[in-house]
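# Understanding the architecture of this molecule
As a plain string of letters, each chain reads:
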Amino acid sequence: MKISFPSHIPFEFIVKRFGTPVYVYDLDEIKNRIDRLKKALPSSTFDLFYSIKANPLLAILKIVRESGIGVDACSTGDLWLAEKTGFTSSQITFTGVALNNQLISKLHKKNIRTNLDSVSELKKWCALSPPQPVGLRVAPDVKAGFSEHCRGGLWGGKLGIALDDVPSLIRQARKYNVIIHGLHMHIGSGILDIAPFIDAIERLLPIFKQFNQLEYLNIGGGLGTSYHDEEDEIPIEYLGQTLSNKIEQFLKHRETPLRLQAEPGEFITAPAGYILTRVMVKKIWKRNNEIKQILILDASMNHYPGGTLYNSTNRIYLLRDPDAQPTHEYDIFGNTNQSGDRFGRTRYLPEIKEGDILIIGSCGAYASSRSSTFNEHLLAPEVVVSKGKIALATRGQTYEELFNRMKATLVWYNDDEPSTK
């Protein structure tokens, strides 16, 4: 999937104003992708919820809210941020793991549409009063996702409840006057083919035939996008039409309506984000007739861990000549003192010099949201661009801020003192 260089973004000005590394997000592209999703997954069949964890930037959440779609939260922080940015309970869906009693009680009290991930959490929910409907996240045992670390729908994995256990849990919940009103699944991330979604839905629909109180089926996230030219993103329009047709046929044999839900995150923000980074060191290794060239950047896995975690191969542009043809082979690494900190091996680029600025594409999701201060590196600023205008959305971190969390003077506590968290 060939994507043109985003020449409308003033990268050179951003580098001069904010330095490197720096995140850049094209808000207009994010709006376009939300509009595309709304057309492909129409409101006649689908309810859409943006996955906050992909990128929780306030400027992005504002666009999401104004677009009329909801948000998907999966942690206490996600929920706090959703409420802080103006989303109402009816606009939030929550599916998380290892929920404590306090969070379960809060979700129950606020009547947040919640999908529970385990039997133990369901028991805690059923103990609360008054009874509130709840959903279950199910593992349909479908293999999907671009990496073994991102395949969430398999039996015996971290996420969800075994498919075979769901009917009995729905019946047991009735004993406590709690209605299971929906099923959720998250089969994987970065899925580029519609077949796994079809397979998973076909495994879940028989349960809907048994229980008329089930109102929604949430297909989760995982809608994959393109990270390099040899990769096509999921045909979202084809997926939407196929699922709509399947549900339409299913409803001919069912008494009650059924809504589909989806939680796109990466699909919306990944293609709209970039990291600008400077080449700090160029090494040339020579041995006999073998030559290897190494680039070390001022960005690292702290800013984008995809290369380290998944061997991601994002598009990379040379700022001074973005249309230059690739002529050299490089291994590209980040600037932490860690050999596995990399942006890709065997990357073909134009001739690169020390001091050059590289633009790493498809960094709008799971980049800044996963950033860290490992090796005592600072968090990078985030800049947004819209209609030719530029704004600082998140300021960069200072060393004072980094170290002020640490206590210079230790205060010792006695065993009998109450806990403070």
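These lines cover the structure that appears in this document, whether it is placed above or below. Note that this is a predicted model, so its numbers are computed, not measured.

## Re unusual backbone geometry
- The amide bond that connects Thr20 to the next residue, Pro21, takes the cis arrangement and shows omega of -5°.
- Here Pro21 shows up in the loop between α1 (11-18) and β1 (22-26).
- A positive phi angle is found at Tyr366, which is not glycine, with a value near 55°.
- Along the polypeptide, Tyr366 turns up in the loop between β16 (357-360) and β17 (382-386).

## A closer look at helix α6 (residues 119-126)
- Every buried residue of α6 is listed here: Glu121, Leu122, Trp125 and Cys126. Projected down its long axis, α6 carries its buried residues within an arc of 140°, all on one side.

## Quick notes on the packing of helix α8 (residues 195-210) against helix α9 (residues 236-251)
- Closest axis-to-axis distance for the α8/α9 pair is 12 Å, and the angle between their directions is 20°. What the angle tells us is that α8 and α9 run roughly parallel. For the element pair α8 and α9, the recorded crossing hand is right-handed. Packed against α8, whose contacting residues are Phe197, Ile198, Ile201, Glu202, Leu205, Phe208 and Lys209, the element α9 presents Leu239, Thr242, Leu243, Lys246, Ile247 and Phe250 at the interface.
- Grouping the amino acids of the contact of α8 with α9 by side-chain chemistry returns nine nonpolar, one polar and three charged.

## Re the pairing of β17
- For β17, the buried fraction is high: five of the five residues fall into the buried class.
- In β17, alternate side chains face the same way, and those of Glu382, Val384 and Ser386 on one face and Val383 and Val385 on the other are all buried.
- Pairing analysis gives four bridges linking β1 to β17, with the strands arranged parallel. Among the inter-strand pairings, Tyr23 is bridged to a residue of β17, identified as Glu382.
- Across five bridges, the pairing between β17 and strand β18 (residues 389-394) is antiparallel. Pairing of Val383 across the sheet is with Leu392, part of β18.
- Turn length for the β17-β18 hairpin, with the two strands adjacent in sequence and antiparallel, is two residues, and the turn residue Lys387 shows positive phi of about 50°.

## Comments concerning empty space enclosed by the protein
- Applying the stated criterion across every chain yields a total of one cavity of 30 Å³ or more.
- Put simply, the largest cavity is a space of about 30 Å³.
- Lining the largest cavity are Tyr304, Ser312, Asn314, Ile316, Phe343 and Ile360.
- Residue classes in the lining of the largest cavity are distributed as four nonpolar, two polar and no charged.

## Digging into the environment of Lys282
- With respect to the secondary-structure elements, Lys282 resides in strand β11 (residues 273-287).
- The class for Lys282 is partly exposed, based on a relative accessible area of 22%.
- Distance from Lys282 to Gly355, taken between C-alpha atoms, is 9.5 Å for residues 73 residues apart in sequence.
- Once you skip the residues sitting within four places of it in the chain, Lys282 turns out to touch Gln293, Ile294, Leu295, Tyr330, Glu351, Ile352 and Glu354.
- A polar contact is formed between the side chain of Lys282 and the backbone oxygen of Ile352, at a distance of 2.8 Å.

## What to know about the packing of helix α4 (residues 76-84) against helix α5 (residues 101-109)
- Closest axis-to-axis distance for the α4/α5 pair is 11 Å, and the angle between their directions is 35°. You can see that α4 and α5 cross each other, and the crossing is left-handed. When α4 is examined against α5, the residues Thr76, Leu79 and Glu83 are found in contact with a partner set consisting of Leu103, Lys106 and Leu107.
- The class makeup of the residues in the contact of α4 with α5 is three nonpolar, one polar and two charged.

## Some thoughts on the pairing of β11
- Inspection of the sheet shows β1 paired to β11 by four bridges, in the antiparallel sense. Of the residues in β11, the one forming a bridge with Tyr25 is Gly273.
- Pairing of β11 with β16, which is carried by four bridges, proceeds in the antiparallel orientation. By the bridge assignment, Ile275 is partnered in β16 with Ile360.
- Sheet topology note: the β11/strand β12 (residues 290-297) ladder contains eight bridges and is antiparallel. Residue pairing across strands places Val279 opposite Leu297, the latter belonging to β12.

## As for the nonpolar core
- Among the nonpolar cores identified, the biggest contains 102 residues, and Leu136, Leu183, Phe197 and Leu217 are the most heavily contacted of them.
- Among the elements that make up this core, the one with the highest residue count is α8 (eight residues).
- Here Leu136 is in contact with Asn115, Leu116, Leu122, Ile161, Val166, Leu169, Ile180, Gly182, Leu183 and His184, once residues within four sequence places are set aside.
- Residues Val24, Tyr274, Ile359 and Val385 belong to the second largest nonpolar core, which totals 15 residues.

Thresholds, definitions, all that
- Residues numbered from 1 in each chain as written.
- Predicted model: local features only at pLDDT ≥ 70, side-chain atom pairs only at ≥ 80, totals over all residues.
- Heavy atoms only, no water.
- Helix = DSSP H or I, 4+ residues; strand = E, 2+ residues; numbered from the N terminus.
- Buried < 20%, exposed > 50% of the residue type's maximum accessible area, 1.4 Å probe, protein only.
- Arc of directions from axis to C-beta.
- Axes fitted to C-alpha atoms, helices over the stretch in contact; angles between N-to-C directions.
- Parallel < 35°, antiparallel > 145°, perpendicular 65-115°, else oblique.
- Left-handed = near helix turned anticlockwise from the far one by under 90°.
- Contact = heavy atoms within 4.5 Å.
- Nonpolar A, V, L, I, M, F, W, Y, C, P; charged D, E, K, R; others polar.
- Pairing = 2+ DSSP bridges.
- 1 Å grid on protein atoms, 1.4 Å probe; cavity = no way out; pocket = protein on both sides within 12 Å on 5 of 7 lines; lining within 4 Å.
- Points joined across faces, edges and corners; volume = space filled by probe spheres on them.
- Polar contact = N/O pair within 3.5 Å; in protein donor to acceptor, adjacent residues only side chain to side chain.
- Core = buried A, V, L, I, M, F, W, Y, C linked by side-chain atoms within 4.5 Å.

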